[in-house]
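Each chain, written out:
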Amino acid sequence: MTISLLNQLSELVGQVFVKCDLDSKHGKVVLSQRRELGQFQCNGALAAAKIAKKNPREIAETIRAELEATSLFSELSIAGPGFINLTLTDDFLTGHINDLSADPSFGAQHGRKSETVILDFGGPNVAKAMHVGHLRATIIGESLRRLRVFLGDTVVSDVHFGDWGLPMGLLIKEIEREQPDLPYFNEEMKDGFPERSPVTVAQLQVLYPAASARMKEDPEFLEEARKATFELQSGRPGYRALWQHMLDISITETKIDFDLLGAHFSEWKGEADTNEHIPSMLQRLNASGFSEKSEGAVVVHIAEESDNKTMPPLILQKSDGAVMYGTTDLATIEIRQETHKPDSILYVVDARQSLHFEQVFRAARKCESIGKNVHLEHVGFGTVNGKDGKPLKTRDGGVVRLRSLIDDAVREARKVVIEAGLEERFDAAELDDIATKVGIAAIKFADLSNQRMSNYVFDLERFTKFEGRTGPYQMYAAVRIKSMLRKAKDQNLTEGALIASKDAERNLMLALAMLPEAALGAAAKNTPNILCDHVYTLTQEFNAFYHDCHVLGEEDEAIRASRLKLCAITLRQIETVLELLGIDVPERM
Ligand code: ARG
């Protein structure tokens, strides 16, 4: 496994600091912002000088002399009060890129302790079509899942269906209103229920808003729905059978969306999977004094003295016996601890649920539901807004469905690729495939390239542009390299040892060498935007290289062979990073 170039240099320079009786931490090397002064920079002499009470320039000078003796640098200089500028010999640089190209993780896995991480994302709800909020949960969650797999972690991904609260009771009662003679409502009947669902997903999506409106007008209906929820949770056979139908058809429906978005789940669990565990959990929390009764409900107090905002208790059970969102989430933590012994659990859910997660996490710690060192994190995200700056709504003010967003994006992408003349070059099937990939890439890159917590404006015209910081452009850059490499193959041109003959080549190599920092940085803070920045830098540096250096037309055979190899490595890295973002690259476009 290759070690990242920055780590390798920092180690090397760190050792030189140690040799001069200074702390190795001052040897930290970073990529230079001012390439004309050097490829890298080390600013540690300043801090080291303060501690050693010496002149920083003198320290820098000693370090420089030591580094010069290694013959790994073609240029070493000191700027200002003691900044050290470093430029690698071409041999060192090409040697590193060569090693990197043989490592599937481009050096990102080196020295990293892998962990077991559970990613909770997607989070659809029974009977409700997935909406724009689930779009972000799915895109960000899937990207983090792919990133962790890439880094060598053991990853469990759970879709965590919303399938157990009052909405279920409301639906049961609404279906009963419409079809009272169905066997599911017969209390005497214990089994032998029909195999086919009495309702379709489309009907559920109408029934739910109807029930939810009725509940607001009719307190009696609400009361019945509450009772039905409790009876469902207590195992009433007819309700369980009807509920199972609703869950099954909802799963089938959401799988279509998840397939379109390329999201993968190793577990299709939901809130309801905690039902067996909840009674013993409630008993334990009660016996250990972690929970208490409050106005008929069972709660866990989680407020702390240091709080500067009010922290309401987590309600585990209401006075009518029904359990809540927080109860199923706490029980899910206990089940996950037991089944997977995770190092981390990450919840990719709308930032507006932050209070809920803070309550659940505090309760989990207080009630010893989770191992002491397990990291629990709510990976929140901002809202998707319309051009008016307000959360995206349909024309008549309704929630925007995830599917319609994808359809719109693919339609816009098709328009753009047809304008670019692709209709003449490809048959209908391939054109469809390209338009779909461009549309999905547009949405994903636009979403992931923002700071996760910021809101952003959904603007398909901007997202589908074939220039700048867009998904389609990054994808197009990869396709162009693919087509060039195909031509090289047709002409029997082969790759050869890397040579750095121009700065554009060196700059591209330096960009390639930064993959470990990008991947590890994105994983440390759960921020895929760092990967977007990295792929954008790569495509920019590749453009500059391609502008400056002939590849197929290069006369010098060794240089041409080297450039072909550099193109192949660049393509592989761009494709790898796009894959981490969930973006598929077509063969041609
Ligand atoms: N179903 C929830 C929603 O639509 C998201 C679930 C998130 N995961 C969790 N463990 N609470 O808002």
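In this report, we go over the structure that sits alongside the text. Given the structure is predicted, the values throughout are model-derived calculations rather than measurements. (Residues numbered from 1 in each chain as written. Predicted model: local features only at pLDDT ≥ 70, side-chain atom pairs only at ≥ 80, totals over all residues. Heavy atoms only, no water.)

This part takes up the sheet that holds strand β2 (residues 40–42). With antiparallel pairing, the 4 strands of this open sheet are ordered in space as β1-β2-β4-β3. Every interior strand has two partners, whereas the edge strands, β1 (29–31) and β3 (73–79), have only one. The sheet shows a mean angle of 25° between the axes of neighbouring strands, direction not considered. Bridge count for β2 against strand β4 (residues 83–88) is 3 bridges, and the pairing is antiparallel. What sits directly across from C42, in β4, is I84. (Pairing = 2+ DSSP bridges. Helix = DSSP H or I, 4+ residues; strand = E, 2+ residues; numbered from the N terminus. Axes fitted to C-alpha atoms, helices over the stretch in contact; angles between N-to-C directions.)

Around the ligand, the neighbouring residues are D120, G123, N125, H134, H160, Y325, D329, Y347, V349, Q353 and F357. A distance of 3.0 Å separates an oxygen atom of the ligand from a polar side-chain atom of H134. In the environment of the ligand, a nitrogen atom lies 2.8 Å from a nitrogen or oxygen atom belonging to the side chain of D329. In isolation the ligand exposes 350 Å². Once the protein is present, 89% of that is buried. Spatially, the ligand is embedded in the largest pocket. For the shell around the ligand, the residue count by class is 4 nonpolar, 5 polar and 2 charged. (Near = heavy atom within 4 Å. Polar contact = N/O pair within 3.5 Å; in protein donor to acceptor, adjacent residues only side chain to side chain. Areas by Shrake-Rupley, 256 points an atom, 1.4 Å probe, with all protein chains shown as cover. 1 Å grid on protein atoms, 1.4 Å probe; cavity = no way out; pocket = protein on both sides within 12 Å on 5 of 7 lines; lining within 4 Å. Sits in = over half its atoms within 2 Å of the grid points. Nonpolar A, V, L, I, M, F, W, Y, C, P; charged D, E, K, R; others polar.)

Residue position: R112 is located in the loop between α4 (90–101) and β5 (116–120). Between the C-alpha atoms of R112 and L520, which are 408 residues apart in sequence, the distance is 9.3 Å. Beyond its immediate chain neighbours, meaning those up to four positions away, R112 contacts R148, L151, D153 and L520. (Contact = heavy atoms within 4.5 Å.)

Here the focus is the pattern of salt bridges. Across all of its chains, the model carries 39 salt bridges by this definition. As a salt-bridge pair, K387 and D459 come within 3.8 Å of each other at their nearest N and O atoms. Of this pair, K387 sits in the loop between β12 (384–385) and α13 (402–419) while D459 sits in the loop between β13 (456–457) and α16 (460–463), and the two are 72 residues apart along the sequence. A relative accessible area of 66% means that K387 is categorised as exposed. Classification of D459 as buried rests on a relative accessible area of 16%. Note that R506 is salt-bridged to D503, the shortest N-O span being 2.9 Å. Separated by 3 residues within a single helix, R506 and D503 lie in helix α18 (residues 503–513), roughly one turn from each other. Here R506 falls in the buried class, since its relative accessible area comes to 16%. Overall, D503 belongs to the exposed group, its relative accessible area being 52%. (Salt bridge = Lys/Arg side-chain N within 4 Å of Asp/Glu carboxyl O. Buried < 20%, exposed > 50% of the residue type's maximum accessible area, 1.4 Å probe, protein only.)

We now examine the nonpolar core. Counting 185 residues, the largest nonpolar core has L5, F40, L86, I175, L204, F545 and L581 as its most contacted members. When residues of this core are assigned to their parent elements, the largest contribution, 11 residues, is made by helix α15 (residues 428–448). Contact partners of L204, with chain neighbours within four places excluded, come to A127, L171, I175, V199, P209, M246, I249 and S250. (Core = buried A, V, L, I, M, F, W, Y, C linked by side-chain atoms within 4.5 Å.)

Right, let's get into the side chain of S105. One can find S105 in the loop between α4 and β5. Setting aside residues up to four positions removed in sequence, S105 forms contacts with F150 and L515.

Summed over the entire model, instances satisfying the criterion amount to 0 disulfides. As a non-bridged cysteine, C549 has C567 as the owner of its nearest cysteine sulfur, 9.2 Å distant. (Disulfide = S-S within 2.5 Å.)

With a phi angle near 55°, E368 is a residue other than glycine that sits in the positive phi range. Here E368 is to be found in the loop between α12 (354–366) and β11 (375–379). A positive phi angle is found at N526, which is not glycine, with a value near 55°. Among the structural elements, N526 can be located in the loop between α19 (515–525) and α20 (529–548).

To continue, consider the sheet that holds strand β9 (residues 314–317). Taken together, the 3 strands give an open sheet; going across it, the order is β7-β8-β9, and neighbouring strands pair in antiparallel fashion. At either end of the open sheet lies a strand with only one pairing partner, and these are β7 (292–294) and β9. Across this sheet, the average inter-strand angle for adjacent strands is 50°, counted without regard to direction.

This part is about helix α21 (residues 557–580). With 24 residues, α21 should reach 34 Å at 1.5 Å per residue; the first-to-last C-alpha distance of 35 Å fits that figure. Capping of α21 at its N-terminal end is provided by D556; its side-chain oxygen lies 3.0 Å from the backbone amide nitrogen of A558. A positive phi of about 85° marks G582, the residue just after α21. (Expected span 1.5 Å × (residues − 1).)

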